[in-house]
Each structure stands twice: as structure tokens, then as C-alpha cells.
Amino acid sequence: MTPEYRTAGELLRALRAREVSSLDLTEQAIARIEAQDGRLNAVPVRDFERARAAAKAADAALARGETRPLLGLPMTVKESFHVAGLPTTWGLPGTRDIPVTQDAVTVRRLREAGAVILGKTNVPPMLGDWQADNPVYGRTANPYDAARTPGGSSGGAAAALAAGYVALELGSDIGGSLRVPAHFCGVYAHKPTLNLVPRRGHAPPGVPVRSVDPDVDLPVVGPMARSAADLALALEVLAGPDDAEAVAYRLHLPPPRFASLKEARVLVLEEHPLLPTDTSVRAIIGDFAAGLEKEGCRVARSSPLLPDLALIAETYLTMLFAFFGATMPEKEYAEAAAAGRRGTTASHREWMQANFVRTAIADRWHGFFREFDILLCPVMPTAAFPHDSRPQHERTISIDGRSFPYDAQFHWAGPATLNGLPATAFPVGMTKDGLPVGLQAVGPYLEDRTPLHFAALAEQVFGGFRPPSL
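Because the structure is a prediction, the values reported are computed rather than measured. (Residues numbered from 1 in each chain as written. Predicted model: local features only at pLDDT ≥ 70, side-chain atom pairs only at ≥ 80, totals over all residues. Heavy atoms only, no water.)

Q: Can you help me understand the overall build of the chain in this one?
A: In terms of regular secondary structure, the chain is built from 13 helices and 15 strands. The C-alpha atoms of the chain give a radius of gyration of 21 Å, which matches the 23 Å a tight globule of 470 residues would have. Reported as C-alpha extents along the three principal axes, the dimensions of the chain are approximately 60 × 55 × 50 Å. Within the span of the chain, comprising 470 residues, buried residues form 59% of the whole. When the accessible surface of the chain is split by element, carbon and sulfur atoms take 53% of a total near 18200 Å². The centroid of the 47 positive side-chain charges in the chain is displaced by 2 Å from the centroid of its 52 negative side-chain charges. (Helix = DSSP H or I, 4+ residues; strand = E, 2+ residues; numbered from the N terminus. Rg over C-alpha atoms; globule rule 2.2 N^0.38 Å. Buried < 20%, exposed > 50% of the residue type's maximum accessible area, 1.4 Å probe, protein only. Areas by Shrake-Rupley, 256 points an atom, 1.4 Å probe, with all protein chains shown as cover. Lys, Arg positive; Asp, Glu negative; His and termini not counted. Charge placed at Lys NZ, Arg CZ, Asp CG, Glu CD.)

Q: Which parts of the structure should I look at to understand the pattern of salt bridges?
A: If charged atoms from side chains of opposite charge come close, those side chains can pair. According to the stated counting rule, one finds 25 salt bridges in the structure shown. Two residues, Glu27 and Arg52, come together in a salt bridge whose shortest N-O distance is 2.8 Å. One end of the pair, Glu27, is in helix 2 (residues 22-40); the other, Arg52, is in helix 3 (residues 48-63), with 25 residues separating them in the sequence. The partner of Arg257 in a salt bridge is Glu447, and the shortest N-O contact between them spans 2.9 Å. With a gap of 190 residues between them, Arg257 in the loop between helix 7 (228-238) and strand 9 (265-268) and Glu447 in the loop between strand 15 (436-442) and helix 13 (449-462) connect regions that are remote in the sequence. Owing to a relative accessible area of 31%, Arg257 belongs among the partly exposed residues under this scheme. Taking relative accessible area as the criterion, Glu447 reaches 18% and is therefore assigned buried. Here the salt bridges share partners, and the residues they tie into one network are Arg108, Glu112, Arg200, Asp242 and Asp243. (Salt bridge = Lys/Arg side-chain N within 4 Å of Asp/Glu carboxyl O.)

Q: Just to check I follow, could you spell out the side chain of Arg199 for this structure?
A: Within the secondary structure, Arg199 is located in the loop between strand 7 (188-191) and strand 8 (220-225). Polar contacts involving the side chain of Arg199 include one to the main-chain carbonyl oxygen of Pro219, which spans 3.2 Å. (Polar contact = N/O pair within 3.5 Å; in protein donor to acceptor, adjacent residues only side chain to side chain.)

Q: Explain unusual backbone geometry here, please?
A: Where the residue is not glycine, phi is negative for most of them; where a peptide bond is considered, it is trans in most cases. Of the consecutive residues Gly152 and Ser153, the connecting peptide bond is found in the cis state with omega at 5°. Considering the arrangement of structural elements, one finds Ser153 in the loop between strand 5 (138-139) and helix 5 (155-162). Despite not being glycine, Arg18 shows a phi value in the positive range, around 60°. Inspection of the secondary structure assignment puts Arg18 in the loop between helix 1 (8-16) and helix 2. With a phi angle near 50°, Trp90 is a residue other than glycine that sits in the positive phi range. Looking at where Trp90 falls in the secondary structure, it is placed in the loop between strand 2 (74-78) and helix 4 (105-112).

Q: What is the right way to read the sheet that holds strand 8 from this model?
A: Paired through backbone hydrogen bonds, the strands of a sheet run either parallel or antiparallel to each other. The eleven strands are arranged 1-3-2-6-8-7-14-15-11-9-10 in an open sheet whose pairing can be described as mixed. The outermost strands of the open sheet, each flanked by one partner alone, are strand 1 (45-46) and strand 10 (298-300). With four bridges joining them, strand 11 (residues 374-378) and strand 15 adopt antiparallel strand pairing. Directly across from Leu375, in strand 15, lies its bridge partner Val442. Each of strand 6 (168-173), strand 7, strand 8 and strand 14 (423-430) is contacted by helix 7, which is oriented at about 140° to strand 8, the strand it contacts most. (Pairing = 2+ DSSP bridges. Contact = heavy atoms within 4.5 Å. Axes fitted to C-alpha atoms, helices over the stretch in contact; angles between N-to-C directions.)

Q: Explain the nonpolar core to me, please; I cannot follow it from the model alone.
A: Generally speaking, a soluble globular protein has its nonpolar side chains buried in company with each other. Core analysis: the biggest nonpolar cluster contains 143 residues, and Leu376, Phe426 and Phe454 have the highest contact counts within it. It is helix 9 (residues 309-327) that contributes the most residues to this core, seven residues altogether. Setting aside its immediate chain neighbours within four residues, Leu376 contacts Val266, Leu267, Val268, Leu269, Phe288, Leu292, Phe426, Leu439, Gln440, Ala441 and Phe454. (Core = buried A, V, L, I, M, F, W, Y, C linked by side-chain atoms within 4.5 Å.)

Q: Teacher, can you tell me more about the side chain of Asp173 here?
A: By the element assignment, Asp173 lies in strand 6. In terms of polar contacts, Asp173 uses its side chain to reach the backbone amide nitrogen of Ser177, at 3.2 Å.

Q: It is not clear to me how the pairing of strand 7 should be interpreted in this structure. Could you clarify?
A: For a regular strand, side chains alternate in direction, first toward one face of the sheet and then toward the other. Neither face of strand 7 is left uncovered, since the one carrying Tyr188 and His190 and the one carrying Ala189 and Lys191 both have all their residues buried. Relative to strand 8, strand 7 is paired through two bridges, and the arrangement is antiparallel. Paired with Ala189 across the bridge in strand 8 is Met224. Pairing between strand 7 and strand 14: three bridges, direction antiparallel. The residue of strand 14 that forms the bridge with Lys191 is Ala423.

Q: I'm lost on the state of the cysteines in this one. Help?
A: Joining two cysteines, a disulfide is a covalent bond between their sulfur atoms. In this structure the tally under the stated criterion is zero disulfides. Sulfur of Cys377: no disulfide; nearest cysteine sulfur belongs to Cys297 and is 15 Å away. The buried category is assigned to Cys377, whose relative accessible area is 0%. (Disulfide = S-S within 2.5 Å.)

This is how it looks when you write it as C-alpha cells:
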């Protein structure tokens, strides 16, 4: 692997051995962004001078023998996180001048661990698309094919990783926004168990950083990287109760359920009952499942213990669009109400009824994970699709030459998101067109180390990230 594609772990070992300086790594990252990002537009918000100062401070700390987990490592974060002194726009015009005076709690934890923040990566407006295109900063391209999306909403983050700008990123997920870009760009992402990582400071423009994040269900924040080990490293820094809760709570994640692939019990799915999977993706899933079996992994293709995926999809979309409706501007909300868009204008009674169903589905997951350790399934039905600038309600997605509604792509985000389960997205192959394909390993509630370890074992046995030809 060329130097720009070294993992965070490799870079940190080199820093500790004094084989390279943080300032050197920072200058190399800046030079690569300046050389490549005119075509990709992954890092529109740049903080290079403060990054250089932070890198010099990290080098001084390393010289004193300090050993913080990310000391001296250059990285970027998603535009939607508050970073003091930088704009937080969520892609909305007219918001760049709103002052941001505090870091999000996750950004603060990264800084305290020694990370050097180079800038922020691109997103769609209000984080509401599987593309990264907005009227403030423009469109981000996929490093494997500039005519295609890198995914969203953490699209700039995935593109920055795949392009070799940085080795670590911070993103968020409610409708696949960590997992989809990882799948489209051939990198790794971890959607943590709900509330494992504090969301305080991951907020729209003008929303202050409060002392405690409100207990909002569905959305999470988590790491992205080019290796599974780097995800685990970042999660150790990011996870744990927010400041006010830390007076009473401590984090103690259980170890992985297995040491090797031959000990893992895995259910592999290729098809969703409401949406087909493209032949190109199914072929890669089939090859990967066959490889697992050759390694002695206990692989099943169906189980009566699996919760009803169609019911999950219906319940998830109701609650997801209720969440979107609660945060919509008044004009968009009125339009959604007039159109009778399901879930967007749900009453509290309707939300509670959906929540009762969600609780019953959670009980089904408990039973499933007594017999299985991992649910392995697609992230999306296709590889990265071409940029589409039409209004979302007019868009379609092509699967084996057939058109399906754009929003149908939510279905594979639902199994993990609805019940707050951890899910690790990781690359498993390439299509004949040279586009990455990933899978998500969904694990038991609060057992994040199990899907992370599965992805790490898969990387060791089958390989992982493959750089694009830039």
C-alpha cells in the first residue's frame, strides 16, 4: 500500500517510533487535498493553519513521551459536527456566518486524544440524501468514478478516506449515512449501538451545544476508516457517557463473541422481501459467503428466528419520517402534509403505536442473537449510482434494469437502525465496472466489538480496502 493509504494504526506507530512527525503527515495530507480535491470536492471546509499548529504541538508532546491514543494523527470530520471556529451549515444557504464557539463532544474527545483536525467533509442538505451535494459547497464525486455518488450523508468523509487524504473520519447515521458511503467508496464504517457515542454538538446550524444531548431515537454518530482495526481504535476514544451522565455511568463493552471465523454463527441474506438486490452485488455476496464456509464459519441462509424484515421496514420508515417531519422547515412540512407523506406528519399516538411494534421486534432480535452472532446483509441493492439532481420524489434506482423508487433504498438501513443495533460496514469485492461493494455485519445490542471483530477477521482472511486509480 502506498504511503497515503497507510492505516491510522500504522501512522500512529510511525509517530511513536519518531519515524515521521505529525507536521510531516499534516503537510502531506494538505498537499494531497490541494492536489486532488478540485476534482472530488470532499473537504470544502479547511482549517489548515490551525492544523499545522496542532501538529507542532503534537510533535512536542510526542517528544515529551506522551502516549495519547491518536496523538499527532491528521483527520477530518463530517461538516455536520460543530467545530469551534468553523461554520456548521448542514448544506443550508445563509448559515455560514452563524458563529460556532464550541466543539461537539466527539470532536473534543478526538482532540483530547491528540488528533489533528484538518477540516470538515461535505454533506447533502440537512443530511437527507445518499449523495453529497448542496448549494453551499457543491457536489462531491466518488473517487472510483467521478460520475457517481460517494454516498451520503457522510459522502465527503468516505471520499476523503478512499482518496487517501486521511486515515480516520467521524460521521453519522440514521438512514445508512455511515454505511452507504462506506459501501460506495470501499471503506469501513461502524454504526454504534444507539447512544453508545454522545451526539451532543452534532446539530444543525444555530443549535447550541447543550450540556446533555436529548434522548432522540434512531440517529447515531461513529467512525469511518480504511481498516476495521482503526474503527475499533476510534470507538475506544469516542464511546462512553456524556459529561453529565458520566457521574453515574461507566462503559464496559463485552468482548467479541468469537476469536476466529470458524467460531462465528452467521446468517447471510442477499434479498430483502420488499426490494431485490442487483445481480452484481448478489454474486459478490455469494462468493464471500462461500469463502466464509471454507474458513469453517457456520453459515446459514435462512432462519425462522429472523424478525420480519417487511414489518421492520414499515415500522422504521414510519418512525424515520416522523423524525424528519419534526425537524423540517415549516414550508416543507406543510407540503409533506398536503401530499399525505406517510410518517412525516404522524401524531404522537401513531408514533407510540409504531414504538410498541419496535419493542416487539427487539424481543425477536434477542431470540435471534441467542442462536446467531452476526446478521450479514447488503448495505444497498446496488453499487454507487450516477449523480441524480432531480427532486428526490422524482428519482428512481435501477436494479438489474428495472426501476424502483429512490426511497426504497432505506430498507437495508432499517434492521440495525430501528432497534439501535451495532453494524459494521466493510468492503468485500468489486463489480466488473470497478465499483466497490460492501456488506454490513449487524451485531447484538451493546455488543459492538462482535461485528467490529468479524470485519477485522474478514479483512485479515479476504483482504479489505482497494485504492482507486486517481
